[in-house]
2 protein chains.
Amino acid sequence: MKLIPDCSLALRSAALAAFLVVPVTAASALEAGNVSHFTLDNGLEVVVVPDRRAPVVTHMLWYKVGSADEAPGKSGIAHFFEHLMFKGTSTHGPGEFSGYISKVGGRENAFTSYDYTAYFQQVAPTELKTMMSFEADRMRNLVLTDDVIGPERDVIIEERNSRVESSPQALHGEEVSATLYQNHPYRIPVIGWMQEIEQLNRADAVDFYQQFYAPNNAVLVVTGDVDEATVRTLAEETYGAVERGPDLPPRVRPVEPEQNTRRIVTMNDARVGVPSYSKRWVVPSYTTAKDGEAEALEILGEVLGGGMRSRIYQEVVVKNGLASGAGAYYQGTALDDTTFAIYGSPRGDATIEDVEKAIDAEVAKILKDGITEDELAKAKKRAVRSMIFARDDQSGMARIYGATLTTGGTVEEIAAYPERINAVTADQVKAVAVRYLDARRSVTGYLLPVEDDRS
Amino acid sequence: MKLIPDCSLALRSAALAAFLVVPVTAASALEAGNVSHFTLDNGLEVVVVPDRRAPVVTHMLWYKVGSADEAPGKSGIAHFFEHLMFKGTSTHGPGEFSGYISKVGGRENAFTSYDYTAYFQQVAPTELKTMMSFEADRMRNLVLTDDVIGPERDVIIEERNSRVESSPQALHGEEVSATLYQNHPYRIPVIGWMQEIEQLNRADAVDFYQQFYAPNNAVLVVTGDVDEATVRTLAEETYGAVERGPDLPPRVRPVEPEQNTRRIVTMNDARVGVPSYSKRWVVPSYTTAKDGEAEALEILGEVLGGGMRSRIYQEVVVKNGLASGAGAYYQGTALDDTTFAIYGSPRGDATIEDVEKAIDAEVAKILKDGITEDELAKAKKRAVRSMIFARDDQSGMARIYGATLTTGGTVEEIAAYPERINAVTADQVKAVAVRYLDARRSVTGYLLPVEDDRS
């Protein structure tokens, strides 16, 4: 019986960029018409993506609430709540749902990010209705007593201790974000600040549940060996019985002011083996961008630092051998303005200054000369292909739909993705680089061993 | 007729530190017993400080609300509201109050800070009751229609344009604060972010008024040619008629996480004539400090950089001639953890690096060797004397009481101030320096001309 969920926090770090950047807004390769999208009477959006290659279904329920929706001083409640969803309801005892999944040979997981919280199970198609029943049940019937809340808060505190407090990378990353975003809640870590996690209580959990956990604030994504009619029938029989919650106000968060400064965030820590360098900018997301700028930023990230064929990797890792790893990424899937980043870590005798100079030089070249038509074509191909790969995996596909629909995107946008990517011109890529990758409004991060103190 | 109030925004800058640092928690020299402090039935706190030297009274009404109490995304509403208070009520037309003050030869002003908003008039004692009537009237009877709100918002936008947007110092200062405070609302400028000011509307103003403008959220301070009995009678006849508002929750703001990084905030701007350097730390305030740490920080600020006798000034300005100005300050009067800062600007051929090194060296000396008994004694004398000077001015005295009582302090604490300052030991001063002035959790600011680009 699994009492503590495996929950993957989408901390904004290069490490997780792979998931966040590439597949999320992808899905290109879906033959349009294959995907159904409808809404139940109680407001629950449903997306069905049949995929008959294996007798498996992926059932994912996404809530349009993440850490950036938390009230001030209550950081961590969205993630805390994700944990509480694995406790018992008035119908099913603690661990009963997880136990059942395990018994039928299924897999489950859950994750919390800035803009959404999601729960999923992968099971045989015959189990789909049972998954829906359990999931619909915990949407409203959780038992939130103090003897559930208290011990789970200790679990979260321990989770923060082990994932963040004991990791210079994580601690440094938190302060880089807190510096990059001066006003927007993407400043605040998804897991929450320790001093606020410690204060979270039953009233906070109940408020959060009442406010955000309702069918009209959720998106159900079912992929795999099913058809629309079956999903519709099962969803109506299960989720359909859950009453609509009160209407939620639009998700308007504080926006960033115009930034006018270069900022540097340095941390020295004895536990740091290999130093690392990064530079970040606030840029538009797929949801906030206009005129194809998001697609151009995606291509820019791809050409500059998306994988082994990218300029930064080729130059800094392969040719010069200065870095053990280096790259760039664009976190396009976000409700609000988001992050574009470059990063690298020195190798051998190279210093962090060497790596910084070499990476920054690659940015400077694009700012000056843009990218070539050949690079553009190859980057497009890679971007589209990565969606095909994502699509090849049921849960990857479900994630694309869930993350897009909970961050202001649409099914149509996903279908049009390859077209949108293919419309990007080299001039547009240069233009977004010039417009957004301005060192005068960037945040540079240095994570250094103690001996390499740059005071 | 003065439609636009002179409002002094207590932006957290060295420029305003003089007011914020020295006199606010001062008032030492008050012969205890002279001051009355009582509460009306509707919750209005009243402080009376007779001062018979001139036939003048200072009437100050302080509200326990400032920019740090604003809802997320509504920055600037506290200051905006200060402006709206000069518009008409259902009883008195726009400008009538100001016109009256002017007619009777009085002075008036208002100011908004992180923790409070205050309104004051200085008039002949015979006018006190009229001031109270006007002030009590606008506590509840403001006319807040769209044709009042819209034009005044334009005034505020223009104020931000002229005070902030056109000032590299102000723009840079805002981003330094936004970097220093990672979670607490002292991060956000008192005047508000432009993009949020632009969205403030009638509903925001009405909500703010209903929530915060009530006798049980205010402190009346009357200083000058009056006695307690008169003030009590007049206050009961005027303010006493205003109904108590709903109880307000405790003023609990998000607190800072543990900081682990050195941050640097650099701005290059063609309009910068003389570059400037500063370094800031988050430290306890008089309200949050324990065991005399605030008093020790006050003395530390005094010895390190409080005026011309201080170490930094003597070394960097007088002896080395490196800087045109340099110093340190502690902003002790604050509801939550606050700022300690050092700063300086080069002169002649000196570079900003020279100034930085020289100022930092003074901090390092105190971290290593502490301060001398002689310095301690002189700093205490200066601190206490500055309160005597502050007390010599009616409005200075009223400000001490108002700022202290709206940031969690008491009349008794003000009375005990000289005693508390005199109890500080040299060891305590060294201890707070070592504990709080740690470069590894500091924010350095560089404001530079364009040609001096440190990229």
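Residues numbered from 1 in each chain as written. Chains lettered and ligands numbered in written order. Predicted model: local features only at pLDDT ≥ 70, side-chain atom pairs only at ≥ 80, totals over all residues. Heavy atoms only, no water.

1. With respect to the interface of chain A and chain B
Step number 1: With 32 residues of chain A in contact, the opposing surface of chain B contributes 32 residues.
Step number 2: Around 2700 Å² of area is buried between chain A and chain B when both sides are counted, 48% of it from carbon and sulfur atoms.
Step number 3: By the criterion of area lost to chain B, the three top residues of chain A are Glu175, Gln182 and Arg262 of chain A, representing 25% of everything that side buries.
Step number 4: Remark: the boundary between chain A and chain B carries 1 salt bridge.
Step number 5: Across the salt bridge formed by glutamate 175 of chain A and arginine 263 of chain B, the nearest N and O atoms sit 4.0 Å from each other.
Step number 6: Put simply, chain A and chain B have 21 residue pairs in polar contact (both at pLDDT 80 or more) between them.
Step number 7: Listed by contribution, the elements that provide at least two residues to the side of chain A that touches chain B are α6 (168-180), α7 (194-197) and β8 (262-268) of chain A.
Step number 8: Examining the composition of the side of chain A that touches chain B, we find that 7 residues originate from one element, β8 of chain A, more than from any other. (Contact = heavy atoms within 4.5 Å. Buried area = accessible area lost by both parts, 1.4 Å probe. Salt bridge = Lys/Arg side-chain N within 4 Å of Asp/Glu carboxyl O. Polar contact = N/O pair within 3.5 Å; in protein donor to acceptor, adjacent residues only side chain to side chain. Helix = DSSP H or I, 4+ residues; strand = E, 2+ residues; numbered from the N terminus.)

2. Quick notes on the relation of the copies chain A and chain B
Step number 1: After a rotation of 180 degrees and a shift along the axis of 0.0 Å, chain A superposes on chain B with an RMSD of 0.0 Å. This pairing of chains is accounted for by a two-fold axis.
Step number 2: Of the interface residues in chain A, 100% have counterparts in chain B that sit at the interface too, so the contact is made through matching surfaces. (Least-squares fit on C-alpha atoms with pLDDT ≥ 70 in both.)

3. Structural notes on the sheet that holds strand β8 (residues 262-268) of chain B
Step number 1: Here we have 10 strands laid out as an open sheet, ordered β10(A)-β11(A)-β9(A)-β12(A)-β8(A)-β8(B)-β12(B)-β9(B)-β11(B)-β10(B), and mixed in their pairing. At either end of the open sheet lies a strand with only one pairing partner, and these are β10 (323-330) of chain A together with β10 (323-330) of chain B. The mean inter-strand angle of the sheet, taken between neighbouring strand axes irrespective of direction, is 15 degrees.
Step number 2: Bridging between β10 of chain B and strand β11 (residues 338-346) of chain B involves 7 bridges; their strand directions are antiparallel. Counted as the bridge partner of alanine 323 of chain B is proline 346 of chain B from β11 of chain B.
Step number 3: Sitting on the sheet, helix α6 (residues 168-180) of chain B touches β8 of chain A together with β8, β9 (276-283), β11 and β12 (443-448) of chain B, and the angle it makes with β8 of chain B is about 160 degrees. (Pairing = 2+ DSSP bridges. Axes fitted to C-alpha atoms, helices over the stretch in contact; angles between N-to-C directions.)

4. Remarks on the confidence of the model for chain A
Residue and element names in this part refer to chain A.
Step number 1: Model confidence for chain A is summarised by a mean pLDDT of 91, while 92% of its residues fall at 70 or above.
Step number 2: Under a pLDDT of 50 for its full length, residues 1-32 has, in the predicted model, 99 contacts with residues more than four places off or in other chains.
Step number 3: Interface confidence for the predicted complex, given as ipTM, is 0.85, next to a pTM of 0.89. (pLDDT = per-residue confidence, 0-100.)

5. Some remarks on the pairing of β11 of chain B
All names here are of chain B.
Step number 1: Counting buried positions over the 9 residues of β11 gives 8, a clear majority of the element.
Step number 2: Sheet topology places β9 next to β11; 7 bridges connect them, and they run antiparallel. Within the sheet, the bridge partner assigned to serine 278 lies in β11 and is tyrosine 343. (Buried < 20%, exposed > 50% of the residue type's maximum accessible area, 1.4 Å probe, protein only.)

6. As for the packing of aromatic side chains
Step number 1: Counted by the stated rule, this structure contains 48 aromatic pairs over all chains.
Step number 2: Here tyrosine 329 of chain B and tyrosine 343 of chain B contribute two aromatic rings whose centre-to-centre distance is 5.9 Å and whose plane-to-plane angle is 50 degrees, an arrangement assigned as tilted. With tyrosine 329 of chain B in strand β10 and tyrosine 343 of chain B in strand β11, this pair connects stretches of sequence that are 14 residues apart.
Step number 3: You can call tyrosine 329 of chain B buried: its relative accessible area is 5%.
Step number 4: Pairwise contacts between aromatic rings join Tyr63, Phe81, Phe86, Tyr119, Phe208, Tyr209, Phe212 and Tyr213 of chain A into one cluster.
Step number 5: The side chain of arginine 399 of chain A reaches across the aromatic face of phenylalanine 111 of chain A, ending 4.1 Å from its centre. (Phe/Tyr/Trp six-rings, centres within 6.5 Å; stacked < 30°, edge-to-face > 60°. Lys NZ or Arg CZ within 6 Å of the ring centre and 35° of its normal.)

7. As for the pattern of salt bridges
Pairing is possible between side chains that carry opposite charge, provided their charged atoms lie close to one another.
Step number 1: Here the structure, examined in full by the defined rule, presents 59 salt bridges over all chains.
Step number 2: We note a salt bridge from arginine 160 of chain A to glutamate 174 of chain A, for which the minimum N-O separation is 2.7 Å. Linking arginine 160 of chain A in helix α5 (residues 146-165) with glutamate 174 of chain A in helix α6, this pair joins segments that are 14 residues apart in sequence.
Step number 3: Across the pair aspartate 438 of chain B and arginine 440 of chain B runs a salt bridge whose closest N-O atoms are separated by 3.0 Å.
Step number 4: Linked through salt bridges whose partners overlap, the residues forming this network are Asp69, Asp115, Arg251, Arg253 and Asp336 of chain A.

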